[in-house]
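Here's the letter readout for the chains.
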Amino acid sequence: DCFTSFHNKGCRNGFIYYLGRGRILKMAQLNEDPSMKYTTHWPTRKIALLSTPHHVAYHKETQTCVVSTSTYVRAQMIDEQDELPEEGRYPQPTERQYMLRLFSGTSWIEMDKFDLQPHEQVLSVKQVFLAREDVDSDEEEEQGSDDDPPIDIRDKNMIPFIAVGTGFLEGEETLCRGRIIIFD
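What comes next is a walk through the structure. (Residues numbered from 1 in each chain as written. Predicted model: local features only at pLDDT ≥ 70, side-chain atom pairs only at ≥ 80, totals over all residues. Heavy atoms only, no water.)

## Considerations on the overall build of the protein chain
And step 1. If you tally the helices and strands in the protein chain, you get zero helices and twelve strands.
And step 2. The order of α-helices and β-strands along the protein chain, N terminus first, is β-β-β-β-β-β-β-β-β-β-β-β.
And step 3. Expressed as a percentage of its 184 residues, the buried residues of the protein chain come to 22%.
And step 4. Counting contacts in the protein chain only where the partners sit at least 6 residues apart, residues at least 24 apart contribute 47% of the total.
And step 5. Carbon and sulfur atoms make up 51% of the accessible area of the protein chain, which totals about 14900 Å². (Helix = DSSP H or I, 4+ residues; strand = E, 2+ residues; numbered from the N terminus. Buried < 20%, exposed > 50% of the residue type's maximum accessible area, 1.4 Å probe, protein only. Contact = heavy atoms within 4.5 Å. Areas by Shrake-Rupley, 256 points an atom, 1.4 Å probe, with all protein chains shown as cover.)

In structure tokens:
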């Protein structure tokens, strides 16, 4: 089996591949999408986020991509005694406002977004598998024993979710707290 690029006047950004077992030679051409770049090792496409991306997680089952982004906004003072300087005389303090954005994995159109609270930062975005337990109300729940088998993600009771870990990092003198947000 062989594969090589093929580019000429009649076949721009094309390629040829040969399947030796079936003795098949095929020519193909990539789409003429101006947003795609084929000059790199992998075909790439830029998407205008108009914000800074921090984390990306792909949810295979729904073919969606979750991206944590941030933009600069005018700072909100935590302590009521602090006052913002007069506008125009001094540069205004800014801080990052984080949000989670959901993109289609096929068309890269933004499907939804989730704004986080002020001063909340995204620390981690991962796809996780959680077990589904069907418990009858008549039966007592059994406590897990040390002899439980290891978790297998191919198990039908394992459901994929997107887990987001956040934190409120407000300085040395303030106790850090955070949240774990789970999206299905």
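## A look at the nonpolar core
And step 1. Ranked by size, the top nonpolar core spans ten residues in total: A57, V66, Y98, L100, L116, V122, V125, I162, V164 and I181.
And step 2. Residue assignment for this core shows that the elements contributing at least two residues are β8 (94–104), β10 (120–131) and β11 (158–168).
And step 3. Not counting residues within four places of it along the chain, the set of residues in contact with L100 comprises V66, V67, S68, D112, K113, F114, V122, V125, V164 and F183. (Core = buried A, V, L, I, M, F, W, Y, C linked by side-chain atoms within 4.5 Å.)

## Some thoughts on the packing of aromatic side chains
And step 1. Evaluation of the coordinates by the stated rule reveals three aromatic pairs.
And step 2. Between F3 and F15 the ring centres are 5.3 Å apart and the planes differ by 40°, which places this aromatic pair in the tilted class. Here F15 lies in strand β2 (residues 14–19) and F3 lies in strand β1 (residues 2–6), a separation of twelve residues in the sequence.
And step 3. Judged by relative accessible area, which is 60%, F3 ranks as exposed.
And step 4. The exposure class assigned to F15 is buried, which follows from its relative accessible area of 17%.
And step 5. Here R177 stacks its cationic end above the ring of F168, 4.1 Å away from the centre of that ring. (Phe/Tyr/Trp six-rings, centres within 6.5 Å; stacked < 30°, edge-to-face > 60°. Lys NZ or Arg CZ within 6 Å of the ring centre and 35° of its normal.)

## Remarks on the layout of surface pockets
Here the idea is plain: a probe the size of a water molecule rolls over the atoms and shows the empty space left.
And step 1. Of the pockets and cavities examined, the second largest pocket occupies roughly 260 Å³.
And step 2. Of all the secondary-structure elements, those providing two or more residues to the lining of the second largest pocket are β7 (64–74), β8 and β9 (110–115).
And step 3. Classifying every residue of the lining of the second largest pocket by side-chain character gives six nonpolar, three polar and four charged. (1 Å grid on protein atoms, 1.4 Å probe; cavity = no way out; pocket = protein on both sides within 12 Å on 5 of 7 lines; lining within 4 Å. Points joined across faces, edges and corners; volume = space filled by probe spheres on them. Nonpolar A, V, L, I, M, F, W, Y, C, P; charged D, E, K, R; others polar.)

## Considering the pairing of β7
And step 1. As judged from the seven bridges shared by strand β6 (residues 52–59) and β7, these two strands associate in the antiparallel manner. By the bridge assignment for β7, P53 is matched with T69.
And step 2. Between β6 and the antiparallel strand that follows it, β7, lie four residues; Q63 among them carries a positive phi value of about 50°.
And step 3. Looking at chain direction, β7 and β8 are connected through eleven bridges and run antiparallel. Pairing of V73 across the sheet is with E95, part of β8. (Pairing = 2+ DSSP bridges.)

## A word on the side chain of S104
And step 1. With respect to the helices and strands, S104 occurs in strand β8.
And step 2. Not counting the four nearest positions on each side in its chain, S104 is found in contact with Q63, I109 and M111.

## Notes on the sheet that holds β1
And step 1. One open sheet accounts for three strands, arranged β1-β2-β3; its pairing is antiparallel. Unpaired on one side and paired on the other, β1 and β3 (24–29) mark the two borders of the sheet. Strand-to-strand twist across the sheet, computed as the mean angle between neighbouring axes with direction ignored, equals 20°.
And step 2. Of the strand pairs in this sheet, β2 and β3 are connected by six bridges, and their pairing is antiparallel. If you follow L19 over to β3, its bridge partner there is I24. (Axes fitted to C-alpha atoms, helices over the stretch in contact; angles between N-to-C directions.)

## Let's talk about the pairing of β9
And step 1. Pairing analysis gives five bridges linking β8 to β9, with the strands arranged antiparallel. Counterpart to R101 in the pairing with β9 is K113.
And step 2. Hairpin connection between β8 and β9: a loop of five residues separates the two successive antiparallel strands, and W108 in this loop has a positive phi of roughly 60°.

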